[in-house]
Amino acid sequence: MKVCTGASMSLDGYVSGPGETGFEHLFAWYGNGDIEMPTGNPEMTFRLTQESYDHQKAFTSELGALVVGRKLFDFTNGWGGKHPLEVPTVVLTHNPPTGYEDNKWFAFVTDGIESAIAKAHEIGGGRTVGLNSGTIASQALDAGLLDEVWVDLVPVLLGGGTPFFSGLGSVPVELEGPLESVQGNRVTHLRYRVKK
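Reference entry: report on the structure contained in this document. Keep in mind that this is a model prediction, so the values were computed, not measured. (Residues numbered from 1 in each chain as written. Predicted model: local features only at pLDDT ≥ 70, side-chain atom pairs only at ≥ 80, totals over all residues. Heavy atoms only, no water.)

## Examining the pairing of strand β1 (residues 3–10)
Phase 1: Burial runs high along β1: 7 of the 8 residues are buried.
Phase 2: As judged from the 3 bridges shared by β1 and strand β8 (residues 128–131), these two strands associate in the parallel manner. Its bridge partner being in β8, Thr-5 is matched across the sheet by Leu-131.
Phase 3: As judged from the 7 bridges shared by β1 and strand β9 (residues 148–154), these two strands associate in the parallel manner. Its bridge partner being in β9, Ala-7 is matched across the sheet by Val-151. (Buried < 20%, exposed > 50% of the residue type's maximum accessible area, 1.4 Å probe, protein only. Helix = DSSP H or I, 4+ residues; strand = E, 2+ residues; numbered from the N terminus. Pairing = 2+ DSSP bridges.)

## What to know about the pattern of salt bridges
Phase 1: Under the defined criterion, the tally for this structure stands at 12 salt bridges.
Phase 2: For Asp-74, the salt bridge is made with Arg-70, and the minimal N-O distance between the two is 2.9 Å. In this pair, Asp-74 and Arg-70 are both assigned in helix α3 (residues 70–75), 4 residues apart and thus about one turn of the helix distant.
Phase 3: Note on Arg-70: relative accessible area 22%, which makes it partly exposed.
Phase 4: Notably, a salt bridge pairs Arg-193 with Glu-176, separated by 3.3 Å at the nearest N-O pair. Of this pair, Arg-193 sits in strand β12 (residues 188–194) while Glu-176 sits in strand β11 (residues 175–183), placing them 17 residues apart in sequence.
Phase 5: Classification of Arg-193 as partly exposed rests on a relative accessible area of 37%.
Phase 6: For Glu-176, a relative accessible area of 30% gives the class partly exposed.
Phase 7: If you follow the salt bridges from partner to partner, you end up with Lys-2, Glu-62, Glu-148, Glu-180 and Arg-191 in one network. (Salt bridge = Lys/Arg side-chain N within 4 Å of Asp/Glu carboxyl O.)

So this is what it looks like as structure tokens:
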């Protein structure tokens, strides 16, 4: 099993701007190409360049499950019942929501990042576990559970907001690579290995 985190990030290190803004810049590359990549949400079809399509396909083809926080789950309203990437999603939360007891797409874990990743490994069939950036990725990195960091580097400066990583207990953290560097349209896709 490999545990990865990935996000679109501004040049100044943010995955969202002040007050949850800036997404029109961070995710513009999802719609600036000619190749369609459908998702599990019929209203959300990516239009990527060939380079971005190949990069995204490589990530999604090995993905078994996701681990996200309750903040993202609530912000997206639970993606309407399943994540657009159509993989099981583990939500790490202190307070599981009601109404999802019979939903096969979501599992809720209350006892820490280690348990959340173990649950994602179980329901994802042992394939790659993807973590959302921010608190979840930072907790996994501190726990020594993160293997790779995937960055979709976007040429914008947001000036503040939510950083990709924050509040790390042990810094500096060295990364190996980039293992991959792919130039898309207004995005550079980078992949690094966490040095252990």
